[in-house]
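Letter by letter, the chains look like this.
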Amino acid sequence: MPAPTIALIAISALVAGALWLSLRVAATADLGVLPARSRRRVLWWQSHHTQAYLVCAAVAATAGLMQVAG
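Residues numbered from 1 in each chain as written. Predicted model: local features only at pLDDT ≥ 70, side-chain atom pairs only at ≥ 80, totals over all residues. Heavy atoms only, no water.

1. Side note on a nonpolar patch on the surface
On the surface, Leu-8, Val-55, Val-59 and Met-66 cluster together into a nonpolar patch covering about 320 Å² of accessible area. The biggest single contributor to the nonpolar patch is helix 2 (residues 36–69), with three residues. Mapped onto the elements, Val-59 comes out in helix 2. Its relative accessible area of 32% is what places Val-59 among the partly exposed residues. (Patch = residues over 30% accessible without salt bridge, like charges linked within 9 Å, V, L, I, M, F, W, Y side chains within 5 Å. Areas by Shrake-Rupley, 256 points an atom, 1.4 Å probe, with all protein chains shown as cover. Salt bridge = Lys/Arg side-chain N within 4 Å of Asp/Glu carboxyl O. Helix = DSSP H or I, 4+ residues; strand = E, 2+ residues; numbered from the N terminus. Buried < 20%, exposed > 50% of the residue type's maximum accessible area, 1.4 Å probe, protein only.)

Listed below in structure tokens is the structure:
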């Protein structure tokens, strides 16, 4: 596999993994101690995480298809 393909797959896996881990931590943490702006951001990510996972999956799939086709 060429380096760009591996890089795209690795970056998308890293982003998805980091998002998953941060959402797990936020689910167990007390959000009341956060400033209101940060709390709103965490709550937004908790309700919109599916789009980020779909983008990561699409990037990884596209990189894989580029490898197969090219």
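Anyway, onward from the coordinates.
2. Observations regarding helix 1 (residues 3–28)
The end-to-end C-alpha separation of helix 1 is 37 Å, in line with the 38 Å expected for 26 residues at 1.5 Å each. Considering only its buried residues, helix 1 is in contact with helix 2. (Expected span 1.5 Å × (residues − 1). Contact = heavy atoms within 4.5 Å.)

3. Here's the deal with the environment of Ala-58
Following the sequence through the fold, Ala-58 ends up in helix 2. Assessed through its relative accessible area of 40%, Ala-58 is described here as partly exposed. Sequence separation between Ala-58 and Ile-9 is 49 residues; the distance between their C-alpha atoms is 10.0 Å.

4. Some words on helix 2
Here helix 2 spans 48 Å end to end across 34 residues, near enough to the 50 Å set by a 1.5 Å rise per residue. At His-48, helix 2 shows its maximal bend, which comes to roughly 60°. What helix 2 keeps buried is the set Ala-52, Cys-56 and Ala-63. Buried residues along helix 2 sit in contact with helix 1. (Bend = angle between axes of the 7 residues up to and from the residue.)

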